[in-house]
Structure formats: C-alpha cells, structure tokens
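One letter stands for each residue in the lines below.
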Amino acid sequence: MGSEEVRMQRLRWKSPWLQLEIPFVVMGLWCLLHQLWNGFLLPSTIAGVLLLCVGLPTCAACVQTVRICDGQIQLKLGPVTLRQFSVSSVKALIGASVSLGKGGSCREDLIILALQSPEKVIPVPPKFLFAYFPPDMGLWVSYSSERKDQLQKLFSDVEYYTT
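Definitions and cut-offs
- Residues numbered from 1 in each chain as written.
- Predicted model: local features only at pLDDT ≥ 70, side-chain atom pairs only at ≥ 80, totals over all residues.
- Heavy atoms only, no water.
- Helix = DSSP H or I, 4+ residues; strand = E, 2+ residues; numbered from the N terminus.
- Buried < 20%, exposed > 50% of the residue type's maximum accessible area, 1.4 Å probe, protein only.
- Contact = heavy atoms within 4.5 Å.
- Patch = residues over 30% accessible without salt bridge, like charges linked within 9 Å, V, L, I, M, F, W, Y side chains within 5 Å.
- Areas by Shrake-Rupley, 256 points an atom, 1.4 Å probe, with all protein chains shown as cover.
- Salt bridge = Lys/Arg side-chain N within 4 Å of Asp/Glu carboxyl O.
- Arc of directions from axis to C-beta.
- Pairing = 2+ DSSP bridges.
- Axes fitted to C-alpha atoms, helices over the stretch in contact; angles between N-to-C directions.
- Expected span 1.5 Å × (residues − 1).
- Bend = angle between axes of the 7 residues up to and from the residue.

1. Brief notes about the environment of I111
Phase 1: You can see I111 is positioned in strand β6 (residues 106-114).
Phase 2: For I111, a relative accessible area of 0% translates into the label buried.
Phase 3: C-alpha separation for the pair I111 and G138, spaced 27 residues apart in sequence, amounts to 10 Å.
Phase 4: Sequence-distant contacts of I111, defined by excluding residues within four places in its chain, comprise I94, L139, W140, V141, Y143, S144, R147, K148, L151 and Y160.

Shown next, in the form of structure tokens:
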C-alpha cells in the first residue's frame, strides 16, 4: 500500500441500526433533562443513563471515521484517535451480515478488518450487541460494493471471506 490516504465513515446514516437506537438516545436524554424542570429523581437518572448506554455506541459509530494512511489504520472520532493498528496486522477481510432480533429486519452488512484468523472471527458477528465488536478481533465498517473493492485493492495480499 502506498501513501494514499483513505477515509470512510464507519456506519452509514441510513442504517437500520441507527434507526433502532435513536429512540433510546432521545428517551435517555429526556429522562435526564426532564429533571432540570421537575427535580432530581434517582429512577429517572438510572433509566436515562441506561438508555444512553444502549443507544450511544451505535450513534457514535455514525460520526466515527476510519482512516488508512502511512501503514496505519485509525478509528477516529473527530480529531481524537480511538484505536490504531498497523495495516500489516490485518489477517483477513470478512463480509458479514449482522441482524438484531429474530426477524432480520434490523440487518446491517459489514466488512470486518480482522486482526485474527477468519476461523476465530467468523463465529463472532452473530453476537454483535448494539454495534459492539471485541477490539482484539478487528474493526468493522458498513458494507458497500465500492468500499469492498477499495479495501480489496488496499489489502491485495489479504483474502476476502463471507459469512
């Protein structure tokens, strides 16, 4: 890979995951802000914090960017680097379809930049919980055919697997 810089949004704005999680964030904020006018209530505080803990990771993924440049992959939230690892540590690219619930209506297609062998990573995607993926397994981004082609070009020596 040359010195070409690639930036991509981690989760697309029209994601069904985001549509599912936004109500949690709105209700959590309402529970917390409601106390400004009606006074402090412990149950409202607990409910607000729990709702925000459920919804914020997915919402944050929409404003996170993945930057690939100079042999490094960085997960960034604005100017802050949340995670960083070398391009050479990517063992495989894995296309995965992850859904929340049994109906599959809240499904997101992802590309995982796997830091471990595909055999260890492939069983993990069905266990995604609110956009959480174990950091030692790698990093996920929303799937698009253009993004798949771009990543396969960047990681030409790494094999692409599908689940």
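Now that the structure has been shown, we can carry on.
2. Details of the environment of V63
Phase 1: Within the element layout of this structure, V63 appears in helix α2 (residues 42-63).
Phase 2: We classify V63 as partly exposed; its relative accessible area is 42%.
Phase 3: Between the alpha carbons of V63 and V87 there is a distance of 22 Å; along the sequence they are 24 residues apart.
Phase 4: Leaving out residues up to four positions away in the same chain, V63 has contacts with W13, K76 and L77.

3. Brief notes about a nonpolar patch on the surface
Phase 1: On the surface, W13, V63, L77, V80 and L82 cluster together to form a nonpolar patch covering roughly 460 Å² of accessible area.
Phase 2: Note on placement: W13 falls in the loop between β1 (6-9) and α1 (16-38).
Phase 3: Judged by its relative accessible area of 52%, W13 falls in the exposed class.

4. Notes on helix α4 (residues 145-154)
Note that an α-helix has 3.6 residues per turn; residues three or four places apart therefore point the same way.
Phase 1: If you check which residues of α4 are buried, you get R147, L151 and L154. Looking straight down α4, one finds its buried side chains confined to an arc of 60°; they lie on one side. Set apart from the buried face of α4 by more than 90 degrees, the exposed residues are E146 and K153.

5. Topic: the sheet that holds strand β2 (residues 64-69)
Phase 1: Ordered in space as β1-β2-β3-β4, the four strands form an open sheet in which the pairing is antiparallel. Looking at the sheet topology across the chains shown, the edges are occupied by β1 and β4 (80-86). Adjacent strand axes in the sheet meet at a mean angle of 20°, parallel and antiparallel pairs treated alike.
Phase 2: Relative to β1, α4 is tilted by about 145°, and along the sheet it contacts β1 and β2.

6. Quick look at α2
Phase 1: Here α2 is 22 residues long and its end C-alpha atoms lie 31 Å apart, about the 32 Å a rise of 1.5 Å per residue gives.
Phase 2: The sharpest bend along α2 reaches about 40° and sits at L56, with the proline P57 one to four residues further on.
Phase 3: Residues of α2 that are buried: S44, T45, G48, L52, G55, T58, C59, A61 and C62.
Phase 4: Considering only its buried residues, α2 is in contact with β1, α1, β2 and β7 (138-142).

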